[in-house]
Amino acid sequence: MTCIMARSSSVQQVRALYDFSGEPGSAELSINAGEILTVIRDNVGDGWCEGYNQSRQSGLFPAAYVSDIEETSNSTTAANAANTANTAANQQSHQQTYATGDYWDDDWDDDSEIGQTQAYVPPVQQQPSVQSTHTTSSAEYGDNLSMHTVHSVIDKAVPNVPKKNNKFSALVKSGEEGFLLSSKLVIVPELEKVYIEEVESGRFAWASTSESYSCVVTSPKKESKLKGLKSFIVYQLTPTFNNIQVSRRYKHFDWLHERLEEKFCFIPIPPLPDKQISGRYEEQFIEHRRTQLQEFVDYVCRHPVLSRSRVWQHFITCTDEKRWKAGKRQAEKDELLGATYFHAVQCPDTPLDAIKIEFQTDAFARFIQGLDPVVKNFMATATDQAKKHQVLYKREFQKIGQCFTALGQALEVDDGGRLRGGRLNQALKDTGEAYNEIGRLYEEQPKYDWEPLADKFHIYRGIISSFPDVVGIHKNAVQKRKDCERLVSEHKMEASQLRELNHRTDIIARALGAEESHFQTEREIHINQTIKNHLVEQINFYQKIVNKLQEALNSFE
């Protein structure tokens, strides 16, 4: 059995079955097959455990990659029974809470981030995918997800790093085949319609139907309720089109993210900041999270479809508690989700060149495949540089400073023990202080160059990682069209049905093309500006170092 069982506060030891490499800069713990781990918390959620190894290094690791040291069939059966009972109890509790209208406020009031899904799960050794046959709502985070994962692992005995956002799987469930083949007329409200235009031959773009705007994330502060028993951080959001401030917590962002992913299967949704187990109320962490949330908000505001979606507009404008809850429940009951939302896509009826589109799609898929590992490595490098600046480089320059200072102090005393003042001694001390200052500059610098770079590429890492699933939607539609062409040739399907399917396949192709164009625009404009800003800050940084050294040199003259 895995380490995810019924809720327990007791410490538990497990053995690692497989190697796992934690993502650099995250809360993940790298483990080696065969080593003994101590589980601190086995209900972190989404198939993750929290614990530490024999070197006392702590972090998160996949539950499916470990097993109890003492494993018996009886304990397995008991754990499964406990999981089933807890799942039923949690589902009943969720239904009762939802019915009473307290679902939003009470379920997550502790602002806990356990049980919430990772924005990105790093690649590990290739293993067959394990998927549970169960699905859960956003209110059933925590144990339910973990229990579903453990049932899957026990049934198939194959390890799997839990990963969210399998858009293609969600799309199949929400009815891609139904969209392609159904003759049912779906009524789409005018506000839900999105438009695609052909900007040039074979290139498509989302048509902008409203003026652009931005939204600022500011003033994070710690608040509490229930006489301080439950604490959370509140961020203020202010859109430029009305300048009315709204307050949102991280859990609200997480809820919004789920809604966007459910609704827009053909749009890669930018990731949120990674979840945090501890240190969530430290000032430095709060400010960094605010910066990452700002990157998320900026990307959504720039997107022609996401920026005008009803759930997003509700998120950034609603200030009334009752209207907020009503709008939230309306979003959760939305029927235009996944493949069904393709009915809302409005585009020309002109047939596309199927061979040309397929060639372009394959080329884009290869581009994304090559870009994905490079962007991940780029972000890891930026994160690594930030840490080195703050610790390693700072320490090295301060060592140099100490050497110069020590030399100046030693020269102050001659062989007879008499103090000897002089310009040289003072100049050496000034040089030592200059290197100390350079060390402090290194410590402060990452927040101006390397951290913003990492935050920007955190967004694009998530976007790029999601594109293969979006491309897979089109590939599946193309395959369905080929199957139907064969059926028509065998007189098992009407030609009129095939024409309708071809038209809907073209809608999917145009949506993919529009999203590709938006990504290319992002690359040309915003990534371009990000690198320029980074280089400007680097130049300023090294200019400050030159100035410090110049001041030290002047001390000798």
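The rules behind the values
Residues numbered from 1 in each chain as written. Predicted model: local features only at pLDDT ≥ 70, side-chain atom pairs only at ≥ 80, totals over all residues. Heavy atoms only, no water. Helix = DSSP H or I, 4+ residues; strand = E, 2+ residues; numbered from the N terminus. Buried < 20%, exposed > 50% of the residue type's maximum accessible area, 1.4 Å probe, protein only. Contact = heavy atoms within 4.5 Å. Areas by Shrake-Rupley, 256 points an atom, 1.4 Å probe, with all protein chains shown as cover. Salt bridge = Lys/Arg side-chain N within 4 Å of Asp/Glu carboxyl O. Axes fitted to C-alpha atoms, helices over the stretch in contact; angles between N-to-C directions. Parallel < 35°, antiparallel > 145°, perpendicular 65-115°, else oblique. Left-handed = near helix turned anticlockwise from the far one by under 90°. Nonpolar A, V, L, I, M, F, W, Y, C, P; charged D, E, K, R; others polar. Pairing = 2+ DSSP bridges. Phe/Tyr/Trp six-rings, centres within 6.5 Å; stacked < 30°, edge-to-face > 60°. Lys NZ or Arg CZ within 6 Å of the ring centre and 35° of its normal. Core = buried A, V, L, I, M, F, W, Y, C linked by side-chain atoms within 4.5 Å.

Caption draft 1: Structural detail: the overall build of the protein. Helix and strand counts for the protein stand at 13 helices and eleven strands. Taking all 557 residues of the protein together, the buried fraction comes to 48%. Within the protein, contacts between residues at least 6 apart in sequence are counted, and of these 75% link residues at least 24 apart. With the model as given, the accessible surface of the protein reaches about 27400 Å², and the carbon-plus-sulfur share is 51%.

Caption draft 2: Looking closely at the pattern of salt bridges. Throughout the structure, instances matching the rule amount to 27 salt bridges. One network of salt bridges, in which partners are shared, links Glu192, Lys263, Arg310 and Asp334.

Caption draft 3: Inspection of the packing of helix H8 (residues 310-317) against helix H9 (residues 321-332) at higher detail. At a minimum axis separation of 10 Å, H8 and H9 run at an interaxial angle of 160°. Put simply, H8 runs roughly antiparallel to H9. You can see that H8 and H9 cross each other, and the crossing is left-handed. Of the residues in H9, those touching H8 at Arg310, Val311, His314 and Phe315 are Arg323, Trp324, Gly327, Lys328, Gln330 and Ala331. Broken down by class, the residue content of the contact of H8 with H9 amounts to four nonpolar, three polar and three charged.

Caption draft 4: View of H8. When H8 is considered as a whole, its buried residues turn out to be Val311, Trp312, His314, Phe315 and Ile316. Here the buried face of H8 lies against strand S8 (215-225), strand S9 (230-239), strand S10 (246-249), helix H6 (250-263), helix H7 (283-302) and H9.

Caption draft 5: Structural view of the side chain of Ser555. By the secondary structure assignment, Ser555 is in the segment after helix H13 (495-554). If near-sequence neighbours (up to four positions away) are discounted, Ser555 is found in contact with Arg423, Ala427 and Asp430.

Caption draft 6: Molecular detail of the environment of Thr505. Of note, Thr505 is situated in helix H13. Sequence separation between Thr505 and Gln479 is 26 residues, and the spatial gap between their C-alpha atoms is 10.0 Å. Residues contacting Thr505, with those up to four places away along its chain left out, are Leu180, His474, Ala477, Val478 and Arg481.

Caption draft 7: Seen up close, the packing of helix H10 (residues 354-411) against H13. As a packed pair, H10 and H13 sit with axes 13 Å apart at the nearest point and diverge in direction by 25°. Regarding the angle of H10 to H13, the classification is roughly parallel. Between H10 and H13 lies a crossing of left-handed hand. Of H13, the residues touching H10 (which contributes Ile357, Thr361, Phe364, Phe367, Ile368, Leu371, Phe378 and His389) are Ala509, Leu512, Glu516, Phe519, Gln520, Arg523, Ile531 and Phe541. In the contact of H10 with H13, the residues fall into eleven nonpolar, three polar and two charged.

Caption draft 8: Examining the sheet that holds strand S11 (residues 345-346) more closely. With respect to topology, three strands assemble into an open sheet ordered S7-S6-S11, the strand pairing being mixed. Unpaired on one side and paired on the other, strand S7 (203-206) and S11 mark the two borders of the sheet. Across the sheet, H13 lies against strand S6 (194-200), S7 and S11, angled at about 75° from S7, the strand it touches most.

Caption draft 9: Highlighting the packing of aromatic side chains. Within this structure, the stated rule accounts for 28 aromatic pairs. Centroid distance Phe364 to Phe367: 6.1 Å. Interplanar angle 35°. Geometry classified as tilted. Here Phe367 and Phe364 lie together in helix H10, a separation of three residues that amounts to about one turn. Residue Phe364 is classed as buried on the basis of its relative accessible area, which comes to 3%. Measuring from ring centre to ring centre gives 5.4 Å for Phe404 and Tyr435, while their planes differ by 10°; the resulting arrangement is stacked. Within this pair, whereas Phe404 is found in helix H10, its partner Tyr435 is found in helix H11 (residues 423-444), the two being separated by 31 residues in sequence. What makes Tyr435 buried here is its relative accessible area of 19%. One aromatic cluster is present, formed by Tyr299, Phe364, Phe367, Phe378, Phe457, Tyr460, Phe467 and Phe519 through successive ring pairs. Just above the ring of Trp324 sits the side chain of Arg248; from NZ or CZ to the centre is 3.9 Å.

Caption draft 10: Region of the structure containing unusual backbone geometry. Even without a glycine there, the phi angle at Arg56 is positive, about 70°. As for its position among the elements, Arg56 is in the loop between strand S3 (48-52) and strand S4 (58-62). Notably, His491 is not glycine yet its phi reads approximately 60°, a positive angle. On the secondary structure map, His491 appears in the loop between helix H12 (450-489) and H13.

Caption draft 11: How the structure looks around the sheet that holds S8. An order of S8-S9-S10 is seen for the three strands of this open sheet, with the pairing classed as antiparallel. The strands lining the two open edges of the sheet, one partner per strand, are S8 and S10. For this sheet, the mean angle separating the axes of adjacent strands, direction not counted, is 35°. Sheet topology note: the S9/S10 ladder contains four bridges and is antiparallel.

Caption draft 12: Representation of the pairing of strand S1 (residues 12-16). The two faces of S1 differ: Gln12, Val14 and Ala16 on one face are buried, but Gln13 and Arg15 on the other face are not. Where S1 meets strand S5 (residues 66-68), three bridges bridge the pair, whose relative direction is antiparallel. In the sheet register, Val14 faces S5, and the bridge partner there is Asp68.

Caption draft 13: Focus on the nonpolar core. By size, the foremost hydrophobic cluster in this structure holds 82 residues, and its most contacted members are Leu237, Phe266, Phe296, Trp312 and Phe342. Considering every element that reaches this core, the biggest residue donor is H12, with 15 residues. In this structure Trp312 touches Tyr213, Leu256, Phe296, Val297, Val300, Cys301, Leu306 and Ser307, once residues within four positions along its chain are discounted. In this structure, Leu29, Leu37, Leu60 and Ala63 belong to the second largest nonpolar core, which totals 15 residues.

Honestly, it's all geometry; don't read function into it.
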